[in-house]
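# A structural walkthrough
Residues per chain are reported as follows:
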Amino acid sequence: MAWLKRNIAGLPAFLWMAVLVGIPLIYIIVLSFLTRNPDGTVGFVFTLANYDRITDPVTVSIFMDSFGAALLTSACALLIGYPFAYFVSRLDKKLRFYVLVFLMIAFWTSSLIRTYGWIIILQTNGVLSGLFERLGFIKEPARFMYSYPSVIAVTTYMFLPFMILPVYNAVEKIDPTLYEASYDLGAGKVKTFAKITLPLSSSGIAGGVTLVFVPSVGLYFISDLIGGARTMLLGSLIKNQMDSARNWPFGAALSVVMLGLVGLFVVFYLSLAKDNGEGLF
Amino acid sequence: MGHLSLVNVSKSFGKTPVLKGLSMDIRSGEFVTLLGESGCGKTTTLRCVAGLETADSGDILLNGESIKDLPPDKRNVNTVFQNYALFPHMNVYDNIAYGPKLRRASKNEIKRGVAEMLDLVKMPGLEKRMPGQLSGGQRQRVAIARALINKPQILLLDEPLGALDMKLRQHMQLELKHIQAQAGVTCVYVTHDQDEALNMSTRIAVMNGGAFEQVGTPQEVYEQPRTAFVAGFVGERNIHPVSVEGHNGDVTNVILDGIRIKARGSALLKAGDSARLAVHTDRAVILPQAPGPGGHLYDNILPCVVQSVNYSGHRTKISVLLNGGITFIIAEYNQSGSNTTVSDGMNAYVAFDANEGVLVSAV
Amino acid sequence: MGKRIYIFMIMALLYLPVAIVIIYSFNASKSGAVWTGFTLDWYSAAARDGRLIDSLLMSLEIAFFTCIISCVLGTMGAVGAARMRPRAKQAASLFMYISLIIPEIILGVALLMFFSVLNVRYGVMTMVLSHTTFCVPYVFIMVSIRLRAVDPSFIEAARDLGAKPFKAFASITLPIIMPAIASGALISMAMSLDDVVISSLVSGPQSVTLPMRIYSMLRLGVTPEINALSTVLVFVMFMLVGLLQFVQAGRRSERAAKKEARNA
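Computed from a predicted structure; not experimentally measured.

Let's shift gears to the arrangement of the chains. Interchain contacts are distributed over two pairs of chains, and the most extensive set of them lies between chains A and C. Nothing in chain A touches chain B, and the closest approach of their C-alpha atoms is 16 Å.

Structure, rendered in structure tokens:
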């Protein structure tokens, strides 16, 4: 009774999440061991075939491509986002406020629409092609879409705010007297950055990399719209199993393996981040 | 005005006892201070009276009626919290009016009450300020006004001056006494600061380990400590184990490490008992030479060697070694133009009267 | 100076695609990047397209229910967690954080399979259930962070001054966490209006939202109506986020005032 009284307010929310996140996640694990009937329905017969199929070279290469793309995206976002966050933290107060507000607005603008903007820019006869033509770089209309680099570029663009915000929050919290102390003790600008700023912002970097890496592994609409049919990534593969291929047990197995790998990555990465800030790079 | 009685109040957190059978009567209009180190149970006592904690056993009576099991909103007792706990989203007016509004007082009545309270705490005209825009001292005043407007039987104050700097703290001590006199409310005050306790209280209850060590007026607690804890906690004293030799009229003779010392008479001790001798650092003096005839005749004059002399503004602390190897500290008040006459390594004499040597039980 | 140029370039890059979409929504040319003149035709074409309007209304309906349910659940969860024993509270928060970082596609797949085994009909209800599921953790976290500003002594003071427990909650806790609830509401609304991945998995034939419609149109090729519609959607989001910033800026200035008073 006392237990109920203490926990009653939180109960609905946690029940909701348990039923709609916990149970479904357990259910896809179960489903991943079942078979697909010829008519696309699920047969309740135990099998390991779905996992066996993941070791197929085609699937393995899709996994490699997806995780590779996510890693590359995280690295690019860090490379571009860290200096940005660092510079913003040193702006004067008013300017900083405006930059942050506009960053938030960009962050919350529909990712679909922003992807669409890139299509207009990158497509054949698109904005970029027209610009290059006018500048004389190219003679024929060119197409910048449907390639691996364009998918990486657009994904990086999409998740840049996810990197910037946590890094900014960490850098902004560093006590400026620490820089002064470091200069006072004879460290130069570079040394100070390496020994003070970077380690003290490691929590922000850890957060940023996690926030970019995790969603970019499974994101399918950027690769679908920008990469086209040639770049099949994990998200699209899973989505296909759910709609057109209608092989739910295989889709479930793919999801389970993906979630497991992502979870391993996050746990491993965050434990590195906890032990030692320098392990992050 | 309220009369508060604690009757054998006990409380434990889990298996740890924090209050061990406290009993005390607080009369109407008194200003009683619970004095002790952090963790001694003084705040818990206050919270039991406020209803924010419930005592496990014993009883708490307000004007003769038990309030032990009433919820805090049913007790006519109000608290000034340590961090003031001003509601950050309400301005000064709404903070103070919070209690009367809950009692559905009329708008005019509330307006008058708030104005009256702001006058009392000397903050008229600041109704519209938010707590975030007030200084520490002002927040303190609002917290007092917010409690007093409810005309509580008892006002509880939990280290209300702890967050203020020293100057402001001393000023607020006087102010608080003044407000108490004007409002005529019984106050129970919690602090770990002995100066505050000595300055403000009609009575002090020194707490240690969840029990009252001694309850008495500031003079009693300061001059006649009854336990070694009180002797050590209130004032600055030299405390050393001694054995009792015998009584001689108003004086009890004791032996401190082979040295015979005359101490204030204590009827509770018999010859052969062990006890502790407590001497205030500022009630002993240091003499460069043994006093000649004509000077004040101290009851105890002990040869010593000066170890260190530390100047600290209004006084100088001198640490000396007695013959037996016992360290003794003397605080001399400084006056302009007259500095202490001793220096490190000198031979000198420590002197004090028998009445300044208080004997307390050994435990 | 170099720093400011870098900041400016990145900001410009962030807004470039959005700006392009807006600019081209006024372009008379039906295809390609060539500017052939100003027109509002695409807006009227979009407004006449019944299916687009239907899906816009569907989006708003789902976002509305999602927003309300998420706010109630998330707030209750945060307030409830704050009252739990430390162990339980830690576990509860961890669970919320984990739900937050589960990749969208996997949450969508899991929900789809779960609804299917329960034989639930796909439609507005499954959409609202799913959207609420990914919004609740956001509200929970925002309110939890704000709840740290509610010192336990505030509640004790309210009780001490004569408030009953619920009154103390309503007059002290609720007003203090209100900005966080408002932020949570706006974020839930924005996320629900924006979602494609989960929606396209759990929707039924009658519950096609605007982003889903835009997505399927995009796969067939670029049309200027999408520009017009996207521009409208962008402005709706601008307004939501602007409102959010307004709410949070108010809180920031409150904090700044507090800081100043402390330094004074």
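Contacts between the two partners involve 74 residues from chain A, matched on the other side by 79 residues from chain C. A combined buried area of about 7100 Å² lies between chain A and chain C, and 81% of that area is made up of carbon and sulfur atoms. On the chain A side of the interface with chain C, the three residues burying the most area are Phe14, Trp108 and Tyr116 of chain A, jointly 11% of the side's total. Inspection of the region where chain A meets chain C yields two salt bridges. The salt bridge partner of Asp224 of chain A is Arg219 of chain C, with a shortest N-O separation of 3.4 Å. Counting the contacts that link chain A with chain C gives ten residue pairs in polar contact (both at pLDDT 80 or more). Here the side of chain A that touches chain C takes 16 residues from helix H2 (residues 11-31) of chain A, the largest share from any one element.

Looking now at helix H1 (residues 2-24) of chain C. Residue and element names in this part refer to chain C. Between its first and last C-alpha atoms H1 spans 32 Å; for 23 residues at 1.5 Å apiece the expected length is 33 Å, and the two agree. Roughly 40° is the biggest bend found in H1, and it falls at Leu16, with proline Pro17 one to four residues downstream. Where H1 is concerned, the buried positions are Ile7, Ile10, Met11, Leu14, Tyr15, Pro17, Val18, Ile20, Val21 and Tyr24.

With that settled, consider the side chain of Ser207 of chain C. Residues and elements named next belong to chain C. Structurally, the position occupied by Ser207 is in the loop between helix H9 (197-202) and helix H10 (210-220). Ser207 sits in the buried class, given a relative accessible area of 0%. Separated by 2.8 Å, the side chain of Ser207 and the backbone nitrogen of Gly204 make a polar contact. Aside from chain neighbours lying at most four places away, what touches Ser207 is Met58, Gly123, Val124, Met127 and Met212.

The partner chain C presents 21 residues to the 28 residues of chain B that form the contact. On inspection of chain B and its partner chain C, the count reaches two salt bridges. Between Arg159 of chain C and Asp73 of chain B there is a salt bridge, with the nearest N and O atoms lying 2.3 Å from each other. Counting across the interface, chain B meets chain C through eight residue pairs in polar contact (both at pLDDT 80 or more). Elements that contribute at least two residues to the side of chain B that touches chain C include exactly helix H1 (42-50), strand E6 (77-80), helix H2 (92-102) and helix H4 (136-148) of chain B. Tallied by class, the residues present in the side of chain B that touches chain C amount to 15 nonpolar, eight polar and five charged.

How each quantity is defined
Residues numbered from 1 in each chain as written. Chains lettered and ligands numbered in written order. Predicted model: local features only at pLDDT ≥ 70, side-chain atom pairs only at ≥ 80, totals over all residues. Heavy atoms only, no water. Contact = heavy atoms within 4.5 Å. Buried area = accessible area lost by both parts, 1.4 Å probe. Salt bridge = Lys/Arg side-chain N within 4 Å of Asp/Glu carboxyl O. Polar contact = N/O pair within 3.5 Å; in protein donor to acceptor, adjacent residues only side chain to side chain. Helix = DSSP H or I, 4+ residues; strand = E, 2+ residues; numbered from the N terminus. Expected span 1.5 Å × (residues − 1). Bend = angle between axes of the 7 residues up to and from the residue. Buried < 20%, exposed > 50% of the residue type's maximum accessible area, 1.4 Å probe, protein only. Nonpolar A, V, L, I, M, F, W, Y, C, P; charged D, E, K, R; others polar.

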